[in-house]
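Results of the structural survey
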Amino acid sequence: MDRRDEALAALDEARRINEKIDSPDGVTDCLLITGRVHLHFGGWDEADSCFRAAIGLAREHRLPAYVQEGAEGLAEVRRLRPTPA
């Protein structure tokens, strides 16, 4: 298992724990960080999915700072994703 896989496994575990304790802000935070990991490693679709899920959860629970952070993540995906040749 490489460092990327370790990070994603730890974040998945943290997300599941936050779901169990009913912590929407914790789950949203895990989704945002997971999106950043995918973004760092060029996982454009995975990052996009994480940021969109985070935005949806943040809107549902009225967490405007997380909505903003998710929107910034989506903008970064659009900016960094290579355009098809």
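Before going into details, it helps to say that this report is about the structure given with it. (Residues numbered from 1 in each chain as written. Predicted model: local features only at pLDDT ≥ 70, side-chain atom pairs only at ≥ 80, totals over all residues. Heavy atoms only, no water.)

1. Thoughts on the overall build of the protein
- Along the backbone of the protein there are four helices and zero strands.
- The order of α-helices and β-strands along the protein, N terminus first, is α-α-α-α.
- Dimensions of the protein, computed from C-alpha atoms along their principal axes, come out at roughly 45 × 35 × 15 Å.
- Counting over 85 residues, the protein shows a buried share of 35%. (Helix = DSSP H or I, 4+ residues; strand = E, 2+ residues; numbered from the N terminus. Buried < 20%, exposed > 50% of the residue type's maximum accessible area, 1.4 Å probe, protein only.)

2. Details of the state of the cysteines
- All told, the structure shown has zero disulfides when counted by the stated rule.
- Here Cys 30 stays free of any disulfide, with the sulfur of Cys 50 as its closest cysteine sulfur at 11 Å.
- Take Cys 30: its relative accessible area is 8%, and that puts it in the buried class.
- For Cys 50, a relative accessible area of 11% corresponds to the buried category. (Disulfide = S-S within 2.5 Å.)

3. Considering unusual backbone geometry
- One non-glycine residue, Asp 22, adopts positive backbone phi at about 55°.
- Along the chain, Asp 22 turns up in the loop between helix 1 (3–20) and helix 2 (24–40).
- On the basis of relative accessibility, which here comes to 65%, the residue Asp 22 falls in the exposed class.

4. A few points about the side chain of Asn 18
- Mapped onto the fold, Asn 18 is located in helix 1.
- Accessibility expressed as a relative area gives 16% for Asn 18, which makes it buried.
- Beyond its immediate sequence surroundings of up to four residues, Asn 18 is in contact with Ser 23, Gly 26, Val 27 and Cys 30. (Contact = heavy atoms within 4.5 Å.)

5. What to know about the nonpolar core
- The biggest cluster of nonpolar side chains holds 14 residues, and the ones touching the most others in it are Leu 31, Ala 47, Phe 51 and Val 77.
- Counting only elements with at least two residues in this core, the list comes to helix 2, helix 3 (44–60) and helix 4 (64–80).
- A per-element tally of this core places helix 3 first, with six residues.
- The residues contacting Leu 31, other than those within four sequence positions of it, are Arg 15, Cys 50, Ala 53, Ala 54 and Leu 57. (Core = buried A, V, L, I, M, F, W, Y, C linked by side-chain atoms within 4.5 Å.)

6. What to know about the packing of helix 3 against helix 4
- For the pair helix 3 and helix 4, interaxial distance at closest approach is 8 Å and the crossing angle is 160°. The orientation of helix 3 relative to helix 4 falls into the category roughly antiparallel. Here helix 3 runs over helix 4; the crossing is left-handed. Contact residues: Trp 44, Ala 47, Asp 48, Phe 51, Arg 52, Ile 55, Ala 58 and Arg 59 in helix 3; Tyr 66, Val 67, Gly 70, Ala 71, Gly 73, Leu 74, Val 77 and Leu 80 in helix 4.
- By residue class, the composition of the contact of helix 3 with helix 4 is eleven nonpolar, two polar and three charged. (Axes fitted to C-alpha atoms, helices over the stretch in contact; angles between N-to-C directions. Parallel < 35°, antiparallel > 145°, perpendicular 65-115°, else oblique. Left-handed = near helix turned anticlockwise from the far one by under 90°. Nonpolar A, V, L, I, M, F, W, Y, C, P; charged D, E, K, R; others polar.)

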